[in-house]
There are 2 protein chains.
Amino acid sequence: MDEARVLRVYLLSIGSEVLRGELVDTNAAELARELTLRGAQVVGHRAVADQLEEVEAAFRDALARARWVVATGGLGPTLDDLTREGLARAVGRKLRTDPQAAQALRDRYLREGRPMPQETLRQAQVVEGADLLPNEEGTAPGMRLALADGRQVFLLPGPPREMRAMAERELYPQAEREAGKAVVVRTLRVTGVGESLVDEILADLMGDTNPVLRPYAQEVEVRLTLVSSHPDPDKAKEKAQAVVAEVARRLGPALYSLDGRSLEETVVEALEERHLTLATAESLTAGLVSARLAQVPGASRVLVGGAVVYHERVKEDLLGVPLALQGQAGVVSREVAAAMAQGARERLGADYAVALTGWAGPDHPPQEPAGLVYVAVADAHGVRVARRQFTGPRNHVRLLASQTALDLVRRTVLGLPFPVTGDPREALGSAPEVAR
Amino acid sequence: MDEARVLRVYLLSIGSEVLRGELVDTNAAELARELTLRGAQVVGHRAVADQLEEVEAAFRDALARARWVVATGGLGPTLDDLTREGLARAVGRKLRTDPQAAQALRDRYLREGRPMPQETLRQAQVVEGADLLPNEEGTAPGMRLALADGRQVFLLPGPPREMRAMAERELYPQAEREAGKAVVVRTLRVTGVGESLVDEILADLMGDTNPVLRPYAQEVEVRLTLVSSHPDPDKAKEKAQAVVAEVARRLGPALYSLDGRSLEETVVEALEERHLTLATAESLTAGLVSARLAQVPGASRVLVGGAVVYHERVKEDLLGVPLALQGQAGVVSREVAAAMAQGARERLGADYAVALTGWAGPDHPPQEPAGLVYVAVADAHGVRVARRQFTGPRNHVRLLASQTALDLVRRTVLGLPFPVTGDPREALGSAPEVAR
């Protein structure tokens, strides 16, 4: 990359609430990530108290160290909101009231039938020579100030939703133009394979290359961000496609999403497209699998219902799993998982059923380890059971179990290999498929 | 408070991964909050790249602006970990290897039967005159450097778990000593009443007083942090107790936790103490209520199981809610909620059952609004039904519904007023209880 052209950015988070720790500064992380993805280099970040001299000094210092300064927060109507004034002092310019912005604020209050407090008009103030950036999600407009020497300052609102919308509209496209190239960002999602193995498999694609491929380990999966840039937008897209194809070839069925879509959405969509339905039978997860599916709008078209079966008697009553079988094979067993899935499929009348039984911990019988989980998927052809030995605290095990269950449903519906062990080679589809 | 004695603190987050936005800097927020609660004033926070001059300059600048500098990160074994060296340069001292720490590292590798990479010994380096702080959760020790003029520097590890343990052991107690007083921190939790009303009710307790009471709005509840400080620890505790008693008097049954315990734990404990059991019947939440309860270790002693009943046929099959009733009253109705709860209580054989039906959105019938939810609780005496009209996106409505269900179970088990409407006065117990 041409060092001279690298866009150096300094981030400022303005607001004493950040310094009191009343909120976690997600804005800074989001801006840093998105700007880095677009080829900019974030050279510093600072949280600044709501004091005029502090804000002014922070802008001065940041402008001395970077070509762009991006500040969030301190744009509200109260006397504590000093970002506009601090910037004006730092660059030695005056603040004036923008008549159009003032009128827009008055109109807004008129529409809502509320009297407008006089302070509100502070939000219509603009540093001489700067442009206001419309805020479609809130009242405080943002600002962009271009200085004669090419440096620029962006003021964005503090509420994350407003910040994000304005950054996507005004900041990121300009960062891409600044870099002189079109940028294609894609999110790929992987489950059943840990971060270190994904790193190993994709090592040669993850250097300082273009497209850039970066892994972000999430709680129970790995997310890959792919950024392709090129002066010609079609070329950028083409190069991204080529990498996606190569990643898909190497990760096989463990790569479940090419567009950032969640595992829940992937499962609901796979079922819906085929007009098929699902039922759940959950012991250790106690409703987590069905609750995750129900996050997706329209889930009711594919999820008919489920049984949460903690007690052995309830496993028999709701799902017809004989108490004798539970006593003989053990409640956490291949046999009980299979019987739960088949019982749920029949009693709830669905095309597929998924069942989970296991020891989430910390309690577990002396001869069986915490983290041992069986997941069964039943369909018209029969039932398959997978075994996993997870580690970690109770709710991490429960989350991993729910993730595995959703993935096994996806694989069954799409006709992909069904990993019966936790061996990642099975998840990658490179081990021979085990016959049911 | 005596201004001259206020402990001014500057926070540094060292690591390029922070500036690339690869993680959200929760360490900074946590340190800021905990130090603020103990009377310190965090005057600045900065993220610093892994470059020696940057780290050195950041320490110099921070030491010029605060009495304490607390840095996290950059203590690992790699050449990128420059916090120790940067501090040494900033204060003009040498680094030396601490023989005990070096031996501890060698022993650790020996125990694990792994060869120790040479770089590992960087973690045993210490700035002349500084003390190493043991790290019981990881390999990199922390450091405390006291300068002649009373200023101090603390180096803490970057991984949040290690940072937290070391801060609790080494940093916070010293901040309390520095403030010359004992500090009692209590977390109170409130549900069913919004933040603005809590603010209004407790306004006179929330000024710049001692004890300090501060509200933190969470997604579906309000958390209150109470900090009481006094040179005499017994007095600090006594003053905290008095405020807790007053808060409890004003918030009544809406205050569900006096010790930070979650709503799920409160419900499981209330049932367990009375040797009582619970079953769930969930439509819009689809298992969220049972899954939340199952987060608590030992939940299986009180939760027998539940039914996730999305489809009307499943409501009839699993819970015996007649299709005719569903057609007549509507699936989202007081009558169906009551029938679901009674069906679950009988069929699953529990002392209590809680049932939820509602429109989570975005889909809803034209004549009924999204966010309309009925929650029913059945016990041996009959069934009571509450109605709520929530607003917000699908999964926020589902979360609010699950919160209401858990709260209504708690109230029923503890014999507290049962708010049939969403009017916060009912949640506070000040409206006359409605007969069942």
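A short tour of the structure in this document, coming up. (Residues numbered from 1 in each chain as written. Chains lettered and ligands numbered in written order. Predicted model: local features only at pLDDT ≥ 70, side-chain atom pairs only at ≥ 80, totals over all residues. Heavy atoms only, no water.)

1. Here we look at the interface of chain A and chain B
Link 1 in the chain: Contact residues are listed per partner, giving 59 residues for chain A and 59 residues for chain B.
Link 2 in the chain: Of the roughly 4400 Å² buried where chain A meets chain B, counting both sides, 54% is carbon and sulfur surface.
Link 3 in the chain: On the chain A side of the contact with chain B, L19, Y310 and L318 of chain A bury the most area, a combined 12% of that side's loss.
Link 4 in the chain: Remark: the boundary between chain A and chain B carries four salt bridges. (Contact = heavy atoms within 4.5 Å. Buried area = accessible area lost by both parts, 1.4 Å probe. Salt bridge = Lys/Arg side-chain N within 4 Å of Asp/Glu carboxyl O.)

2. Quick word on helix α8 (residues 233-251) of chain A
Along an α-helix, a turn takes 3.6 residues, which lines up residues three or four apart on a common side.
Residue and element names in this part refer to chain A.
Link 1 in the chain: Spanning 19 residues, α8 covers 27 Å between terminal C-alpha atoms, matching the ideal 27 Å at 1.5 Å per step.
Link 2 in the chain: Looking only at α8, the buried set comprises A236, A240, V243, V244, V247 and L251. Each buried residue of α8 lies within a common arc of 105 degrees when the element is viewed along its axis, so the set occupies one face. Looking at α8, the residues exposed on the side facing more than 90 degrees away from the buried face are D234, E238 and R249.
Link 3 in the chain: In this structure, the buried side of α8 is in contact with β9 (182-190), α7 (195-202), β10 (212-217), β11 (222-230) and β12 (255-257). (Helix = DSSP H or I, 4+ residues; strand = E, 2+ residues; numbered from the N terminus. Expected span 1.5 Å × (residues − 1). Buried < 20%, exposed > 50% of the residue type's maximum accessible area, 1.4 Å probe, protein only. Arc of directions from axis to C-beta.)

3. Describing the sheet that holds β9 of chain A
Residue and element names in this part refer to chain A.
Link 1 in the chain: Pairing within the open sheet is antiparallel, and its four strands lie in the order β10-β11-β9-β12. The open sheet has two edge strands with one neighbour each: β10 and β12. Strand-to-strand twist across the sheet, computed as the mean angle between neighbouring axes with direction ignored, equals 35 degrees.
Link 2 in the chain: Relative to β12, β9 runs antiparallel, the two sharing two bridges. When the sheet's bridge partners are listed, R189 is paired in β12 with S257. (Pairing = 2+ DSSP bridges. Axes fitted to C-alpha atoms, helices over the stretch in contact; angles between N-to-C directions.)

4. Regarding the relation of the copies chain A and chain B
Link 1 in the chain: At an RMSD of 0.1 Å, chain A and chain B line up after a rotation of 180 degrees and a shift of 0.1 Å along the axis. Both copies of the chain, as the preceding transformation shows, are related through a two-fold rotation axis.
Link 2 in the chain: Mapped onto chain B, 100% of the interface residues of chain A again fall at the interface, so both copies present the same surface. (Least-squares fit on C-alpha atoms with pLDDT ≥ 70 in both.)

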